[in-house]
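# Notes for the structure review
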Amino acid sequence: MPLYEYRCQDCQATFDLLRPFSRADEPADCPNCHSNDSKRAMSRCAALSRGADGSTSSVGGGGGCAGFSASSCASCGH
Ligand SMILES: [Zn+2]
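So, here is what we can say about the structure in this document. Computed from a predicted structure; not experimentally measured.

## Quick look at the packing of aromatic side chains
Tallied over the full model, the rule gives one aromatic pair. Look at Tyr6 and Phe15: their rings are 5.9 Å apart centre to centre, the planes differ by 20 degrees, and that puts the pair in the stacked class. Tyr6 gets classed as buried once you look at its relative accessible area, which sits at 0%. Since its relative accessible area comes to 8%, Phe15 is described here as buried.

What follows is the structure, encoded as structure tokens:
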């Protein structure tokens, strides 16, 4: 399941969430203030993952980190 990054619109907290791609754009519950008004952030993982992969042939796979393991996200520094 892909790992997505969300930013809470209320408290500006960012958090990662594992959820199906089909639900990626749905609001997520903020673990900090429990607001349901968060939006998916454009993850920096996408660009870094492409670089780490050494290939640019699969740009726009639709999930950013989706095609990679969570461990590759960890290298993003967030
Ligand atoms: Zn919040």
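So that's the structure; there's more coming.
## A few points about the coordination of the zinc ion
Each angle at a metal carrying four tetrahedral donors should ideally be 109.5 degrees, and each at a metal carrying six octahedral donors should ideally be 90 or 180 degrees. Coordination of the zinc ion by the protein comes from Cys8 (SG), Cys11 (SG), Cys30 (SG) and Cys33 (SG), over a distance range of 2.3 Å. Note that the zinc ion binds four donor atoms; their angles at the metal cover 106 to 115 degrees, and the shape is tetrahedral. Summarised as a motif, the one-chain spacing of the donors to the zinc ion is C-x2-C-x18-C-x2-C. With Cys8 in strand S1 (residues 3-8) and Cys33 in the loop between strand S2 (14-18) and strand S3 (38-41), this residue pair connects regions lying 25 residues apart in the sequence.

## Looking at unusual backbone geometry
Unusually for a residue other than glycine, Gln12 sits at a positive phi of about 65 degrees. On the secondary structure map, Gln12 appears in the loop between S1 and S2. When its relative accessible area of 43% is taken as the criterion, Gln12 is described as partly exposed. Phi is positive for His34, which is not a glycine, with a value near 65 degrees. Secondary-structure assignment places His34 in the loop between S2 and S3. Its relative accessible area of 62% is what places His34 among the exposed residues.

## A closer look at the nonpolar core
The nonpolar side chains of soluble globular proteins are, as a tendency, buried together. Counting eight residues, the largest nonpolar core consists of Tyr4, Tyr6, Cys8, Ala13, Phe15, Ala24, Ala28 and Cys30. With sequence-adjacent residues up to four places away left out, Ala28 is seen in contact with Tyr6, Phe15, Leu17, Arg19, Ser35, Asn36, Asp37 and Ser38.

## Details of the pattern of salt bridges
Enumeration over the complete set of coordinates arrives at two salt bridges. Here Glu26 and Arg23 are joined by a salt bridge, their closest N and O atoms 3.4 Å apart. When its relative accessible area of 39% is taken as the criterion, Arg23 is described as partly exposed. For Asp25, the salt bridge goes to Arg40, with nearest N and O atoms at 2.9 Å. Highlighted residues: Asp25 in the loop between S2 and S3 and Arg40 in strand S3, separated in sequence by 15 residues.

Criteria and thresholds
- Residues numbered from 1 in each chain as written.
- Predicted model: local features only at pLDDT ≥ 70, side-chain atom pairs only at ≥ 80, totals over all residues.
- Heavy atoms only, no water.
- Phe/Tyr/Trp six-rings, centres within 6.5 Å; stacked < 30°, edge-to-face > 60°.
- Buried < 20%, exposed > 50% of the residue type's maximum accessible area, 1.4 Å probe, protein only.
- Donors = N, O, S within 2.8 Å, 3.2 Å for Na, K, Ca; no water.
- Tetrahedral: all angles 85-135°; square planar, octahedral: opposite > 155°, others 65-115°.
- Helix = DSSP H or I, 4+ residues; strand = E, 2+ residues; numbered from the N terminus.
- Core = buried A, V, L, I, M, F, W, Y, C linked by side-chain atoms within 4.5 Å.
- Contact = heavy atoms within 4.5 Å.
- Salt bridge = Lys/Arg side-chain N within 4 Å of Asp/Glu carboxyl O.

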